Amino acid sequence: MRFKLKEGLLLGSATAATQIEGGDENNNWARFAAEGKVKDGSSPVTASGHYTRVREDIDLMAEMGLEVYRFGIEWSRIEPRRGEYDAEAIEHYREEIEYMTEKGIKPLLTIHHFTNPLWFEDMGAFENDDSPEIFLSFTKKVVEAFGDIVSEYITINEPNVYATNSLLWGYWPPEKKSMGALVNAFSNMTAAHVLSYNYIHEKRREMGYDDTRVSFANHLRVFEPKNPKNPFHRIASSLSEYLFQGAITEAMMTGKCAFPVLRRKGVKKGKYHDFIGINYYSRSSVSGLSDGVREDCYKNDLGWEIYHEGLIELANKLGKKYGGEVYVTENGTCDNTDSFRARFVYDQLKMISEAENPITRYYHWSFMDNFEWKEGERERFGLVHVDYATQKRTVKESGRLYSSIIKNGGVTDEAYEEFVKNSHYKK
Ligand code: BGC
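This structure is a prediction, so every number in the text was calculated from the model and none was measured.

Draft legend 1. How the structure looks around the side chain of threonine 15. With respect to the element layout, threonine 15 can be found in the loop between β2 (10-14) and α1 (17-20). A polar atom in the side chain of threonine 15 sits 2.7 Å from the side chain of tyrosine 69. Ignoring anything within four residues of it in the chain, the contact list for threonine 15 reads Ile20, Tyr69, Arg70, Phe71, Gly72, Trp365, Ser366 and Phe367.

Take a look at the structure:
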């Protein structure tokens, strides 16, 4: 054995509805793509065709041995117009959840993962001060529909990436560049999370369940000054960290709001997480207010530094501060030819297994290649390859390694020879 998996660590994968399903035109990302704003011209209306291939995909997950699965539901399918719910869409997701459960895969349901129904987007989405209540209404529907078969929920995925990309940098729809818009979205998303957290607990308790677990998925990076001796770099690094992830994390975990998060109605000091959800990808090397990458380091195909220690550092830091288990709700890499993903998986899981840390779940991003937002289909994060012309799925070498790790409880010498030995990072 090269290493044994940490005891009790459950392994699975993560996806998001819009990135894999296809077939839905009623959301802001489908419209953005139709306006020609996606780099390679692709669209989530196609994506990985998962909506009509759910069973086939879950069968493949089960064959690979996945124990847990983080997946999303598409709000614009379930509530195509405000207050109108689609029974067929609800039934579709019930069947999906029942099927994965039957196959022994435990669901973790994400309620919001970047995408908005057009009606919500056009009223200003989370910039609108009614949005916490509107989101709460949707949460109510979700718990009513799935509360008897799902015990674990993520309310909102990466509020910081959503708000900065959409409202501060103008990169994602609706392409705004406004600090005021960012502050409103941060504040309203915090309230939406807190209200939903309370409701999910209350409702499921009333339904007779005591195993409810709710949190949100945080996009966390490690920030470091490009030149540690330069005081400006040091200040810029701390400030970026605080503005991008520090304040919003604190607010959503504890209800304690400080600029750029303002306190909205219904947000009181408390505990709004039953686990700490960390999406971890990379480290930022800071010399100003925008993002930078170290020059001399291994990088993925999107130019992000590969820095596995960062996940352990963050898990320990947050574990100490907030307490409880850490679920790695996303971790993975963009490797279009699958030439180093096996090594990435090996190194990251080895580190989780050997270092001291509170991580109990690991959801690899992503199960299969998918629509990578503005980057489109070109950038691949999957353990399973998708041929977008035929929608054929093929398990990659890295996927075969991942599966063998789950089945053997670690990396055997044979698996190392077969999958990892010739898998190399690049600079
Ligand atoms: C998001 C995913 C995305 C991944 C890779 C995360 O920030 O939650 O939707 O595909 O990163 O970029």
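Draft legend 2. Highlighting the packing of aromatic side chains. Within the structure shown, the criterion is met by 30 aromatic pairs. Ring geometry for tyrosine 197 against tyrosine 272: centres 5.7 Å apart, planes inclined by 90°, an arrangement best described as edge-to-face. A residue pair is termed long-range when its members are at least 10 positions apart, and tyrosine 197 in helix α9 (residues 179-206) and tyrosine 272 in the loop between α10 (231-254) and β7 (276-286) qualify at 75 residues. Here tyrosine 272 falls in the buried class, since its relative accessible area comes to 6%. Three or more aromatic residues link up through ring pairs in this structure, and these residues are Trp75, Trp119, Phe120, Phe126, Phe135, Phe138 and Tyr162.

Draft legend 3. Geometry of the site of the ligand. In the vicinity of the ligand there are 14 residues, among which Gln19, His113, Glu158, Glu330 and Glu372 approach most closely. Here glutamate 330 contributes a side-chain N or O atom positioned 2.8 Å from an oxygen atom of the ligand. Tryptophan 373 is positioned with one of its side-chain polar atoms (N or O) 2.9 Å from an oxygen atom of the ligand. If you map the ligand onto the pockets, it falls in the largest pocket. Its residues placed into classes, the shell around the ligand shows six nonpolar, five polar and three charged.

Draft legend 4. Structural detail: empty space enclosed by the protein. All chains considered together, the criterion is met by three cavities of 30 Å³ or more. Looking at the largest cavity, its volume works out to about 70 Å³. Together, Ala16, Ala17, Thr18, Gly72, Ile73, Glu74, Trp75, Thr110, Ile111, His112, His113 and Thr115 line the largest cavity. Of all the secondary structure elements, the ones that give two or more residues to the lining of the largest cavity are α1 and β4 (106-112). A per-element tally of the lining of the largest cavity places β4 first, with three residues. Within the lining of the largest cavity, the residues separate by chemical class into five nonpolar, six polar and one charged. In this structure, the second largest cavity occupies an estimated 40 Å³ of space. In terms of lining residues, the second largest cavity is bounded by Ala17, Thr18, Glu21, Gly22, Asp24, Asn27, Pro44, Val45, Glu74 and Arg77. The residue inventory of the lining of the second largest cavity, partitioned by class, reads three nonpolar, three polar and four charged.

Draft legend 5. Broad picture of the environment of tyrosine 171. Within the secondary structure, tyrosine 171 sits in the loop between α8 (159-168) and α9. We classify tyrosine 171 as partly exposed; its relative accessible area is 28%. Looking at tyrosine 171, its side chain comes within polar contact range of the side chain of glutamate 375, at 2.7 Å.

Draft legend 6. Summary view of helix α14 (residues 413-420). Taken together, the buried positions of α14 are Ala415, Tyr416, Phe419 and Val420. Within α14, the buried residues cover an arc of 100° as seen down the axis, which keeps them to one side. Elements in contact with the buried residues of α14: α12 (341-354), α13 (397-408) and β12 (410-411).

Draft legend 7. Here's a closer look at the pattern of salt bridges. For the coordinates displayed, the defined rule picks out 36 salt bridges. With a shortest N-O distance of 3.0 Å, glutamate 305 and arginine 283 are connected by a salt bridge. A residue pair is termed long-range when its members are at least 10 positions apart, and glutamate 305 in the loop between β7 and α11 (309-322) and arginine 283 in strand β7 qualify at 22 residues. With respect to class, glutamate 305 is no different from arginine 283; both count as buried. Put simply, Glu224, Arg283, Arg294 and Glu305 are held in one network by salt bridges that share partners.

Draft legend 8. Representation of the nonpolar core within the structure. Judged by nonpolar contacts, the single largest core of 116 residues is most densely connected at Leu109 and Phe146. At 12 residues, α9 tops the list of elements feeding residues into this core. Judged by nonpolar contacts, the second largest core, of 13 residues, contains Leu108, Ala217, Cys334 and Trp365.

Draft legend 9. Spatial organisation of the packing of α8 against α10. Interhelical geometry of α8 versus α10 gives an angle of 130° and a closest axis separation of 10 Å. As summarised for this structure, α8 and α10 are arranged oblique, according to the angle between their axes. Viewed along their axes, α8 and α10 form a crossing whose handedness is right-handed. On α10, the residues that touch Pro159, Asn160, Val161 and Thr164 of α8 are Phe244, Gln245, Ile248 and Met252.

The rules behind the values
- Residues numbered from 1 in each chain as written.
- Predicted model: local features only at pLDDT ≥ 70, side-chain atom pairs only at ≥ 80, totals over all residues.
- Heavy atoms only, no water.
- Helix = DSSP H or I, 4+ residues; strand = E, 2+ residues; numbered from the N terminus.
- Polar contact = N/O pair within 3.5 Å; in protein donor to acceptor, adjacent residues only side chain to side chain.
- Contact = heavy atoms within 4.5 Å.
- Phe/Tyr/Trp six-rings, centres within 6.5 Å; stacked < 30°, edge-to-face > 60°.
- Buried < 20%, exposed > 50% of the residue type's maximum accessible area, 1.4 Å probe, protein only.
- Near = heavy atom within 4 Å.
- 1 Å grid on protein atoms, 1.4 Å probe; cavity = no way out; pocket = protein on both sides within 12 Å on 5 of 7 lines; lining within 4 Å.
- Sits in = over half its atoms within 2 Å of the grid points.
- Nonpolar A, V, L, I, M, F, W, Y, C, P; charged D, E, K, R; others polar.
- Points joined across faces, edges and corners; volume = space filled by probe spheres on them.
- Arc of directions from axis to C-beta.
- Salt bridge = Lys/Arg side-chain N within 4 Å of Asp/Glu carboxyl O.
- Core = buried A, V, L, I, M, F, W, Y, C linked by side-chain atoms within 4.5 Å.
- Axes fitted to C-alpha atoms, helices over the stretch in contact; angles between N-to-C directions.
- Parallel < 35°, antiparallel > 145°, perpendicular 65-115°, else oblique.
- Left-handed = near helix turned anticlockwise from the far one by under 90°.

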